[in-house]
Structures are given as C-alpha cells and as structure tokens.
Amino acid sequence: FAGAEPREIVSANVHPTGGLVRHATLSMLDGARARGVTFSLSNDGKRWQEVREGEEAVFAHDGSGLFWRAAFSPSPSVLSPFLGGIHLDYRVAEP
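All of these numbers come straight from a predicted model, not from anything done at the bench.

1. Side note on the overall build of the chain
- Each helix and strand counted, the chain has 0 helices and 7 strands in total.
- The burial tally for the chain puts 31% of its 95 residues in the buried class.
- For the chain, the share of sequence-separated contacts (at least 6 apart) that also reach a separation of at least 24 residues comes to 74%.
- Roughly 5,700 Å² of accessible area belongs to the chain as shown, and the carbon and sulfur atoms make up 50% of that amount.

Structure, rendered in structure tokens:
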C-alpha cells in the first residue's frame, strides 16, 4: 500500500486457549522491513503496550488473550513495509 495515509493492522487473538498472559515478546521473521511501523501488544485487545522488536512486554493487568498491532505512519521517504512473518514468545499463568 502507498504510505500516504496512516494504516493499522490488528491481529485476531493468537492465544484463545485460556490462562493469563503475563509476558510477551515480538520479533519479525523473513527479512521483514519495518521502518515507519510501531508495534504494540495486548493481552485483552483493549489496552495496548508499545514494544520494540525483541523487547519483552510485561502486562500490568490480567488478560487471557494475546494480540499484536502494527501502526504504519505515512512518510514519503519510506517504502511500503514488508512483514514476512511475526513471531510471538509468551508466558501463561493459570488463572
């Protein structure tokens, strides 16, 4: 897509099986190019925590899901980003 407008991608719940998600780390795969992209993680789909690639998010509230969000900022000097894959590591605690 052209980088003329802000865009956002929000995942479906990637941990629908229960248990409280307390920590999560996002990393990109397959030569992803992510200039002009801000990533956030959420364990409830409502409250978001901005993260950098490889940085662990520690959630301050209980949530039993896991969602990622990518916000694309418009910039005439940035080519369309390429996300070949996103990898999430996370830990679950029993409720």
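Having seen it, we continue.
2. Description of the pattern of salt bridges
- The full count for this structure, using the stated rule, is 3 salt bridges.
- Between Asp-62 and Arg-22 there is a salt bridge; the shortest N-O distance is 2.7 Å. Of this pair, Asp-62 sits in the loop between β5 (56–58) and β6 (67–72) while Arg-22 sits in strand β2 (residues 20–28), and the two are 40 residues apart along the sequence.
- For Asp-62, a relative accessible area of 47% translates into the label partly exposed.
- Here Glu-56 ties to Arg-91 by a salt bridge, and the two come within 2.5 Å at their closest N and O atoms. Taken together, the positions of Glu-56 in strand β5 and Arg-91 in strand β7 (residues 86–93) put the pair 35 residues apart, joining distant regions of the chain.
- The partly exposed category is assigned to Glu-56, whose relative accessible area is 38%.

Basis of the calculations
- Residues numbered from 1 in each chain as written.
- Predicted model: local features only at pLDDT ≥ 70, side-chain atom pairs only at ≥ 80, totals over all residues.
- Heavy atoms only, no water.
- Helix = DSSP H or I, 4+ residues; strand = E, 2+ residues; numbered from the N terminus.
- Buried < 20%, exposed > 50% of the residue type's maximum accessible area, 1.4 Å probe, protein only.
- Contact = heavy atoms within 4.5 Å.
- Areas by Shrake-Rupley, 256 points an atom, 1.4 Å probe, with all protein chains shown as cover.
- Salt bridge = Lys/Arg side-chain N within 4 Å of Asp/Glu carboxyl O.

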